[in-house]
Amino acid sequence: MQSTPLIPLADLKSGESATISALKAGRNINARLSTLGFTPGVIIRMTHNYGHGPIVVNVRDTRIALGRGEARTILVTRAKE
Amino acid sequence: MNLYRTYNQRTISSGIKDNTLMIALAGQPNMGKSTIFNLLTGLNQHVGNWPGKTVEKKEGEFHHNEHAIHLIDLPGTYSLSANSPEEIIARNFILQEKPDLVVAVVSAANLERSLYLVSELIVLETPLMIVLNMIDVAEQEGFSVDAKILQAAIGVPVIPMIASRASGLRTLLDYFDDFIDGKLEFYPRLPQISADHQHVKELIDELIEGFVPEYYPKNWTSMKLLEGDIEIFDILKSVLPPERWETIEDILKQHEDAGLAIASGRYEWIERNIRAAVHRPKLGQVGLTDRLDKFATHPIWGLLFLAVVLGLTFWLTFTIGTPIQEWMDSKILVPLGSLAQIWMIDAPAWVVSLVVDGIIGGVGAVVTFLPIIIIFFAAFGFLEDVGYMARAAYVMDNFMHWMGLHGKSFLPLFLGFGCNVPAVMGTRVIESWPARILTILLAPFVPCSARLAIIAFLAPAFFGKNAFIISWGLILSSIVILMIVGVIMNKIFFKGERTAFIMELPLYHIPNWRTALLLIWQRSLSFLKHAGSIILMMSVVVWALSEFPSGDLETSFLAQIGNFFAPVGNWMGFDWKLTVALITSFMAKENAIATLGVLFGRTEEFSLLQTIANTYTPAVGLAFMVVTLLFIPCVATVAVIKKETGSWKWTMVNIVLMLVVSIGMGSAVYAIASRLGL
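Student: How do you make sense of the overall build of chain A when you look at a structure like this?
Tutor: Scanning chain A for helices and strands turns up two helices and six strands. Walking chain A from its N terminus toward its C terminus, one meets helices and strands in the order β-β-α-β-β-β-α-β. For chain A, the C-alpha radius of gyration of 12 Å lies close to 12 Å, the compact-globule estimate for 81 residues. Along the first, second and third principal axes, the C-alpha set of chain A runs to 35 × 25 × 20 Å. Nonlocal contacts in chain A, meaning residues at least 24 apart in sequence, comprise 58% of its contacts between residues at least 6 apart.

Take a look at the structure:
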């Protein structure tokens, strides 16, 4: 079985789900993100991604708006359909 | 090491009857914490700032079964780390002031996330109760939470509530009774640090032994060190012997990932505790929030929707507010003036003039703005409480990026249309300091309701039927100017720095009308106080300057001041009266009209509007409106800018910036408009 590749959260399309693998922002942003529920292993769903501008994700029943820059620092593995 | 610590049952002697029970209310943002605070304290509350901080402090007192209860509303925070001043305030209050009880408000609709703060609170020594709020919103989103099971899992009382309908309040008060009588038992089950970091934590525990300030629990301090907490880091660095500190710093460097591991550990604790308590009967159901967000956060529909919402807000504000304002003016102020004249029939003429022209005329004109401001704040507060404003911030994020800001800056700027003072204070939601400063500098460019009213008053005088188009054109131009200034300022002062945009989009829900009304009441009260003091003083000063030394306006002090600044006024086509009106608008924007009223009010044949229209050309009128929109912020705004930035430098930058922009634009507009023959 092939292992699923790590991709930045920003590459996820609207409606897709993924599992968070790592946070690669600085220490401060990592702390804020993990407080809000972005921790390795958690399932995250892309609610709105229009290819530019900020995105909206659903993590632990919470909707969070993230700048595209922040979304690039979160590495995820796409959930298999 | 025993991590499943047990609290002894806390028994409080009957002596409590003479004392006050101190309860701290904690919770993340958007949990309905304020609603619960208002339900408990009613109007008996005090709003101020935390000492030395620009963070709002709310406290209140209420009596229940002969007990006085002192309630402190801690700032809404997602955690107890040192990421923001709010978080430091919240945790230091609990650790240092040692309240008798902490009540944590969590939302059933965001249970996992909102319990994160509980996972931090529960390790502190202070007894903890959990209010499980918004069970109705959870049902609306398709799931339910069993409070009893949650209580059994966490080991502290869990009280279900729907604060927006005041349901569950009785039960909460009963729990307070039980707590006072010592009948409550707390057996909290504490979150554990993951096994691979347990050893490291014990090492640090040993190293800091005996050096931790007494109000910080040792166990908690070592945990915070591992998490990378800046405040604890600095404190321990200053108290520990250097060689011990070096060892600790080495350990911390090797375990930089510990912060993430600790957060994960807390979430594992949460997942374990809620597993049995949460039911999701309709899995995969699309809740109300997701359905609405399809439109509200869409890049095109979302912007259109925002435009409609903003349009409606303004429409509502001015269609309801303006008639009330006019009614107050003609049915209250004018009769009041005549009445005062009759009362003071024996008084010297100058006293009558002071009261009628100075006080009733000046302050009254400002107080009649109250309906407009109240309606605007009510509309804004409603949109915020419903949960919409976060969506507005989200769709505006792209535009704010041009200025190096992000979506959150849109909220205070929008608030600025009501009044710039709360707009400047509203910038507290912005985490990054440069972004906050820039937003503060830009806030006065947003035309506040007072300036909008000046435009609405003057535009018909000069442009008749076209007044509407001219007014909108002026408002749009000032927003374009705001953006241009923002882009330039960002380049000059902040080197195009970009800040992280992380913002929760709360679930939509119906707000509590009591909380909403209370907020409107508090805001109106502070506006009235402001009108009562600064503007009263200013009205009297303007009146006195226009009356002395000769009793003749043309040779008064006011005319002399106006003539002194006349050369600058000339660039924009102003005579001394307009120049004086502009200068007095620094005290309060509304003064521009009040001053013109005082200066022109003595020729009785025409209304003020007609007199102004007969005196000045439309080119002068247009220039005056442009300058008024962009002139130095009013004194209240300047004061609040100084307070929020804590710096005279930025306050002066703001004043000079607006002075240059307004006079520059005013002169340009006058030059162009008079060439066009206006």
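Next comes the rest of the account.
Student: Whenever I open this one, the overall build of chain B confuses me. Can you help?
Tutor: Assigned secondary structure in chain B consists of 30 helices and 10 strands. Relative to the compact-globule value of 26 Å for 678 residues, chain B shows a C-alpha radius of gyration of 29 Å, a close match. Residue pairs at least 24 apart in sequence account for 73% of intrachain contacts in chain B once pairs closer than 6 positions are excluded.

Student: What's the story with the sheet that holds strand β2 (residues 45-49) of chain B in this structure? I'm lost.
Tutor: What links the strands of a sheet is backbone hydrogen bonding, and the strands pair in either a parallel or an antiparallel sense. Residue and element names in this part refer to chain B. Strand order in the open sheet formed by seven strands is β2-β3-β4-β1-β5-β6-β8, with mixed pairing between adjacent strands. The two strands at the open ends of the sheet, each matched to only one other strand, are β2 and β8 (158-160). Going across the sheet, the axis of each strand differs from the next one's by a mean of 25°, ignoring polarity. By the bridge criterion, six bridges tie strand β5 (residues 101-107) to strand β6 (residues 128-133) in an arrangement that is parallel. In the sheet register, Val105 faces β6, and the bridge partner there is Val131. Relative to β8, helix α5 (residues 147-154) is tilted by about 165°, and along the sheet it contacts β6 and β8.

Student: How should I be thinking about the packing of helix α23 (residues 557-564) of chain B against helix α25 (residues 576-584) of chain B in this particular structure?
Tutor: When two helices pack together, their arrangement is captured by the angle between the axes and the distance separating the axes. Residue and element names in this part refer to chain B. Where α23 contacts α25, the two axes come as close as 8 Å, and the packing angle between them is 95°. Viewed along their axes, α23 and α25 adopt a mutual orientation that is roughly perpendicular. Where α23 abuts α25, its residues Leu558, Ala559, Ile561, Gly562 and Asn563 lie against Trp576, Lys577, Thr579, Val580 and Ile583. Residues of the contact of α23 with α25, tallied by class, amount to six nonpolar, three polar and one charged.

Student: I would appreciate a short explanation of the pairing of strand β1 (residues 20-27) of chain B in the present structure.
Tutor: The side chains of a regular strand alternate, residue by residue, between the two faces of the sheet. Residue and element names in this part refer to chain B. Sheet topology note: the β1/strand β4 (residues 67-73) ladder contains six bridges and is parallel. Note that in β4 the partner of Thr20 across the bridge is Ala68. Two strands pair when backbone bridges link them, and β1 and β5 are joined in this way by five bridges, in the parallel orientation. Note on β5: the bridge partner recorded for Ile23 is Leu101.

Student: Sorry if this is basic, but what is going on with the interface of chain B and chain A here?
Tutor: Interfaces are often sized by the amount of accessible area the parts lose when they come together. Between chain B and chain A, the residue contacts involve 28 residues of the former and 29 residues of the latter. Only α3 (111-121), α11 (258-274), α16 (388-401) and β10 (502-505) of chain B provide two or more residues apiece to the side of chain B that touches chain A. Ranked by the residues each element gives to the side of chain B that touches chain A, the list is headed by α11(B), at five residues. Bridge count between strand β5 (residues 62-66) of chain A and β10(B): four bridges; the pairing is antiparallel. Paired with Arg63(A) across the bridge in β10(B) is Leu505(B).

Student: Please explain the packing of helix α7 (residues 195-208) of chain B against helix α8 (residues 218-227) of chain B as it appears in this structure.
Tutor: Residue and element names in this part refer to chain B. Running from N to C, α7 and α8 cross one another at 120°; their axes reach a closest spacing of 9 Å. Judged by the inter-axis angle, α7 sits oblique to α8. For the element pair α7 and α8, the recorded crossing hand is right-handed. Each of His197, Val200, Lys201, Ile204, Asp205 and Ile208 in α7 lies in contact with α8, whose residues at this interface are Lys218, Thr221, Ser222, Met223, Leu225 and Leu226. Of the residues in the contact of α7 with α8, the class split is six nonpolar, three polar and three charged.

Student: Would you take a moment to explain the pairing of strand β3 (residues 43-48) of chain A for this structure?
Tutor: Residue and element names in this part refer to chain A. When strand β2 (residues 17-23) meets β3, the two strands line up antiparallel, connected through three bridges. Note that in β3 the partner of Ala18 across the bridge is Ile44. Sheet topology note: the β3/strand β4 (residues 55-59) ladder contains four bridges and is antiparallel. Across the sheet, the residue bridging to Arg45 is Asn58, located in β4. Hairpin connection of β3 to β4: six residues between the antiparallel strands, including Gly51 at a positive phi of 85°.

Student: For this particular structure, what's the right way to read the nonpolar core?
Tutor: Among soluble globular proteins, nonpolar side chains are generally buried collectively. One finds Leu25(B), Ala104(B), Ile130(B), Leu132(B) and Ala623(B) to be the most contacted residues of the largest nonpolar core, which totals 193 residues. Apart from residues no more than four positions distant in its own chain, Ala623(B) is found in contact with Met572(B), Gly573(B), Gly666(B), Val669(B), Tyr670(B) and Ala673(B).

Student: Which parts of the structure should I look at to understand helix α1 (residues 33-41) of chain B?
Tutor: Each turn of an α-helix holds 3.6 residues, which means side chains three or four residues apart point in the same direction. Residues and elements named next belong to chain B. Counting buried residues along α1, nine of its nine residues qualify, which places the element largely inside the surrounding structure. Three or more residues of α1 are buried, namely Lys33, Ser34, Thr35, Ile36, Phe37, Asn38, Leu39, Leu40 and Thr41. Count one or two residues on from α1 and you reach Gly42, which has phi positive near 60°.

Student: Help me out: how do you make sense of the sheet that holds strand β6 (residues 74-78) of chain A in this one?
Tutor: Across the sheet, which stays open at both edges, the seven strands sit in the order β1(A)-β6(A)-β2(A)-β3(A)-β4(A)-β5(A)-β10(B) with antiparallel pairing between neighbours. In the strand order of this sheet, the two ends are held by β1 (6-8) of chain A together with β10 of chain B, each with one partner. For this sheet, the mean inter-axis angle between neighbouring strands, taken without regard to orientation, is 45°. Packing against the sheet, α16(B) makes contact with β5 of chain A together with β10 of chain B, and its axis sits at approximately 140° to β10(B).

Student: I tried to follow the confidence of the model for chain B on my own but got confused; where do I start?
Tutor: Detailed conclusions should not be drawn from predicted coordinates in areas where pLDDT is low. Residues and elements named next belong to chain B. When pLDDT is averaged along chain B, the result is 84; 93% of the residues meet or exceed 70. Here residues 1-18 scores under 50 on pLDDT; set against residues more than four positions off or in separate chains, the count is 21 contacts. For this predicted complex, the interface confidence reaches an ipTM of 0.93, while the overall pTM sits at 0.83.

What counts, and at which threshold
- Residues numbered from 1 in each chain as written.
- Chains lettered and ligands numbered in written order.
- Predicted model: local features only at pLDDT ≥ 70, side-chain atom pairs only at ≥ 80, totals over all residues.
- Helix = DSSP H or I, 4+ residues; strand = E, 2+ residues; numbered from the N terminus.
- Rg over C-alpha atoms; globule rule 2.2 N^0.38 Å.
- Contact = placed C-beta atoms within 7 Å.
- Pairing = 2+ DSSP bridges.
- Axes fitted to C-alpha atoms, helices over the stretch in contact; angles between N-to-C directions.
- Parallel < 35°, antiparallel > 145°, perpendicular 65-115°, else oblique.
- Nonpolar A, V, L, I, M, F, W, Y, C, P; charged D, E, K, R; others polar.
- Left-handed = near helix turned anticlockwise from the far one by under 90°.
- Core = buried A, V, L, I, M, F, W, Y, C linked by C-beta atoms within 7 Å.
- Buried ≥ 20, exposed ≤ 12 C-beta atoms within 10 Å, placed from the backbone.
- pLDDT = per-residue confidence, 0-100.

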